[in-house]
Amino acid sequence: MTGPAAPQAWQGGLPLTYRLGPGPAKLHLLIENDREVRSIWNVVGRLRGMEKSDEWVVLGNHRDAWVFGGVDPSSGTASLMETARAFGDLKRSGWKPRRTVVFASWDAEEFTLTGSTEWGELEAERLKAGALAYLNVDSSASGNRFSASAVPALTRFLRDVARSVPDPSGGSIYESWRRTEGSKAQEPEVTTRLGSGSDYTVFLNFLGIPVADLTFDGPYGVYHSIYDSFTWVDRVGDPGYYYHAAMARYWAVAALRLAECDFVPLDYSAYAREVESYLDETERTASERKLQVNFGSAREAAKRWERAGRLSLEAANQALAASDGASVERVHQSLLKVERALLDPAGLAGRPWFKHLIYAPRPTYKPLVLPALTEAVEANDQKLALSEMDRLTQALNRAAAALESGFQK
Ligand SMILES: [Zn+2]
């Protein structure tokens, strides 16, 4: 091609300068697609809880790949199999979890997240009634950098788990995670802006279940290509498979803690503070666009939610210290309702399947926060922005009320 030189990072391995277009080069691209209907298979295993079999901790990974799928998804599948094997060993030793642990191997993720979406819709009622969290691992190891995305309620829990799992480089995952983010980071960062692109979507956006997505990543240039193979994983991605094993340990410890906890460790004051910062952002956009929208009542609702989040954890810890099981359980049950309270049954304008009012993907999979309100603001639609502000405020108040029901007399 004859355009300007391509950026340094795009230069390839041949002894010439890689350039951008336009041509004179012409390319004849022939695309062959199969268009047929085929069966897909989810494989779902359950380890039934002894005390609370209706409460579920769900672990999932997809099994289909674009080509060989060395990293995406087979590294994650190896970690899932290993996690399930470890739970199987525990069970054979006579142990059983308090809650039910579900291990899911999804099919057809690469085809619009189909396997997990169908299962989530099929099990919607049971999941909404009792799922504590969905822990997704797509690719478990394309490198050695731990990375976690999750709803803000889970960030503290994910850091706590990282403190107790060894990293293959020595020390804990928490320590190496913090190191890779530079010494200035007080706490390693969990990405809380969730878009889409893996199987957690149905759980968060349709069912309102707290989700996390975990990986060890690195320079992974072979993603979704024919070169993402066993050979690449074996020689480049994770020689020795240490990070595959580390992910299995991390995943198992997280699942075990959720399956055994006295009350689910969801931190909603952190979530509310995060939402307050989204309100600031959206208010700036609205005022740039000269829209007249009052953010006061949404802010007030977020403050109420923040306070309720704090008080509910205090109440749970006090009740636990006093061995007051009934009060602990009351807080626990209230915590299970909060993420669900952020859904609106009518969904987002033009795409009603997406019901979560704090997070949604853009069409590109990029994250969109306060999606219903933000889309109204971005469309300069004054009237819609007012009604979306109202819906959002109601959702935040529902979330606060759900928490308050757990500790108020
Ligand atoms: Zn994948």
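Up top is the structure these notes are about.
The structure presented is a predicted model; accordingly, all values stated were derived computationally and were not measured.

Enquirer: Give a detailed account of the coordination of the zinc ion, specifying residues and quantitative values.
Expert: Only His 62 (NE2), Asp 72 (OD), Asp 138 (OD) and Asp 138 (OD) from the protein coordinate the zinc ion, and they sit 1.9 to 2.5 Å from it. Considering all 4 donor atoms around the zinc ion, the spread of angles at the metal, 55 to 142 degrees, places the coordination shape in the irregular class. Linear spacing of the donor residues for the zinc ion on their chain is H-x9-D-x65-D. With His 62 in strand 2 (residues 52-62) and Asp 72 in the loop between strand 2 and helix 1 (74-92), this pair connects stretches of sequence that are 10 residues apart. Taken individually, His 62 and Asp 72 each receive the classification buried, so the pair is uniform in this respect.

Enquirer: Account for the nonpolar core, naming residues and giving values.
Expert: Counting 110 residues, the largest nonpolar core has Leu 158, Phe 203, Tyr 271, Trp 305, Ile 358 and Leu 396 as the members making the most contacts within it. Per-element tally for this core: the top contributor is helix 8 (residues 242-260), with 10 residues. Those residues in contact with Leu 396, other than ones at most four positions away along the chain, are Val 275, Ala 298, Ala 301, Ala 302, Trp 305, Leu 342 and Ile 358. Listed in part, the 5 residues of the second largest apolar core include Val 71, Tyr 220, Val 222 and Val 233.

Enquirer: Please set out the side chain of Ser 269 residue by residue, giving values where relevant.
Expert: Examined against the element boundaries, Ser 269 turns out to sit in helix 9 (residues 268-288). Every residue in contact with Ser 269, bar those within four places of it in the chain, is listed here: Glu 306, Gly 309 and Arg 310.

Enquirer: Account for a nonpolar patch on the surface, naming residues and giving values.
Expert: A grouping of Trp 66, Val 67, Phe 68, Phe 111, Ile 226 and Tyr 227 is seen on the molecular surface, where their side chains present a nonpolar patch of about 700 Å² in accessible area. Mapped onto the fold, Ile 226 is located in the loop between strand 6 (211-217) and helix 7 (230-237). Judged by relative accessible area, Ile 226 falls into the partly exposed class, the value being 47%.

Calculation notes
- Residues numbered from 1 in each chain as written.
- Predicted model: local features only at pLDDT ≥ 70, side-chain atom pairs only at ≥ 80, totals over all residues.
- Heavy atoms only, no water.
- Donors = N, O, S within 2.8 Å, 3.2 Å for Na, K, Ca; no water.
- Tetrahedral: all angles 85-135°; square planar, octahedral: opposite > 155°, others 65-115°.
- Helix = DSSP H or I, 4+ residues; strand = E, 2+ residues; numbered from the N terminus.
- Buried < 20%, exposed > 50% of the residue type's maximum accessible area, 1.4 Å probe, protein only.
- Core = buried A, V, L, I, M, F, W, Y, C linked by side-chain atoms within 4.5 Å.
- Contact = heavy atoms within 4.5 Å.
- Patch = residues over 30% accessible without salt bridge, like charges linked within 9 Å, V, L, I, M, F, W, Y side chains within 5 Å.
- Areas by Shrake-Rupley, 256 points an atom, 1.4 Å probe, with all protein chains shown as cover.
- Salt bridge = Lys/Arg side-chain N within 4 Å of Asp/Glu carboxyl O.

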